[in-house]
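Analysis of the macromolecular model
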Amino acid sequence: MTMPSLKEVQGIAPFMSTVQDTAEELELDIRLDAIIPCAVPPANAGRVYSEALAWLDDNYGELLTPTVRRTALVAEAASNGVPVTAYVPHEDVSDDCRKVLADLQDGECCERRTAARKAGHPDHGQHQPADPRGHGRHAAARRPRLHAGATGR
């Protein structure tokens with residue numbers, strides 16, 4: 001899970017590199033199966049969020065699930081020790097969570113993620129993605145495809 005801000009998205013590749021190094025040392029098969037953008041603010045909250053989401057899509061698109069919106073209901077549910085989908089089952093954030101679960105269980109999405117891993121996707125720290133501040137391989141062709149506050153891709 002990652003929040004759509006530069007600090008968080010910049011940390012994915014170094015984190016996965018550390019996980020991969022540890023996995024190799026311990027002879028474990030650990031991999032990144034999905035990235036869940038969470039605590040996504042509404043589209044009018046600022047361009048920095050939509051840019052971070054676009055960067056995630058450019059660099060990890062095959063691994064992205066639908067987004068989960070930012071709301072205090074998530075913290076309230078956690079404080080009460082109840083899953084958000086049980087705490088507020090009819091709220092939009094619960095629908096977001098159900099969409100993420102459906103995406104993770106979808107065979108087609110699993111096949112796409114497996115193919116991305118086999119193709120050497122950067123989920124194991126094998127490659128440093130472009131700089132999310134707009135420097136790097138996708139800077140000139142930035143196309144926001146994910147939108148802050150969206151519940152899907």
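As shown above, the structure is provided for reference.
This structure is a prediction, so every number in the text was calculated from the model and none was measured.

Rules used throughout
Position numbers for residues start from 1 in each chain and track the written sequence from start to end. Note on the predicted model: pLDDT of at least 70 is required for a residue's local features to be given, and 80 or more for side-chain atom pairs to be given and counted; whole-chain, interface and lining totals, by contrast, use all residues. The side-chain values count all of the structure's non-hydrogen atoms but skip hydrogen atoms and water molecules. Helical segments are the DSSP runs of H or I of at least four residues, strand segments are the runs of E of at least two, and each set is numbered from the N terminus. Here, expected helix span is obtained from the residue count minus one, scaled by 1.5 Å. Residue burial is assigned from relative accessible area. The probe radius is 1.4 Å, only protein chains are included, and a residue is buried under 20% of its type maximum, exposed over 50%, and partly exposed in between. Along the arc lie the directions from the helix axis toward the C-beta atoms. In what follows, a contact means two residues having at least one pair of non-hydrogen atoms within 4.5 Å. Each Phe, Tyr or Trp ring (for Trp, its six-membered ring) is paired with any other whose centre lies within 6.5 Å, and the angle between the two planes then decides the class: stacked below 30 degrees, edge-to-face above 60, tilted in between. Residues enter a nonpolar core if they are buried and are Ala, Val, Leu, Ile, Met, Phe, Trp, Tyr or Cys, with the set joined through side-chain atoms within 4.5 Å.

Some remarks on helix α2 (residues 12–26)
The end-to-end C-alpha separation of α2 is 21 Å, in line with the 21 Å expected for 15 residues at 1.5 Å each. Listed in full, the buried residues belonging to α2 are Ile12, Ala13, Met16, Val19, Gln20 and Ala23. Along the axis of α2, the buried residues cluster in a sector spanning 120°; they form a single face. Residues of α2 that are exposed and point over 90 degrees away from its buried face: Phe15, Glu25 and Leu26. Buried residues along α2 sit against α1 (6–10) and α3 (47–60). Following α2 by one or two positions, Glu27 has its phi on the positive side, about 55°.

Focus on the packing of aromatic side chains
Scanning the model with the defined rule gives 1 aromatic pair in all. Both rings, one in Trp55 and one in Tyr60, keep their centres 6.0 Å apart while their planes meet at 65°; by these two values the pair is edge-to-face. The class for Trp55 is buried, based on a relative accessible area of 2%.

So, the nonpolar core
Membership of the largest hydrophobic core comes to 15 residues, with the highest contact counts inside it found for Ile12, Ile35, Leu56 and Tyr60. Broken down by secondary-structure element, the contributors of at least two residues to this core are α2 and α3. At 5 residues, α3 tops the list of elements feeding residues into this core. Residues contacting Ile12, with those up to four places away along its chain left out, are Thr2, Ile35, Leu56 and Tyr60. Val68, Ala77, Val88 and Val93 belong to the second-largest nonpolar core, a separate cluster that totals 9 residues.

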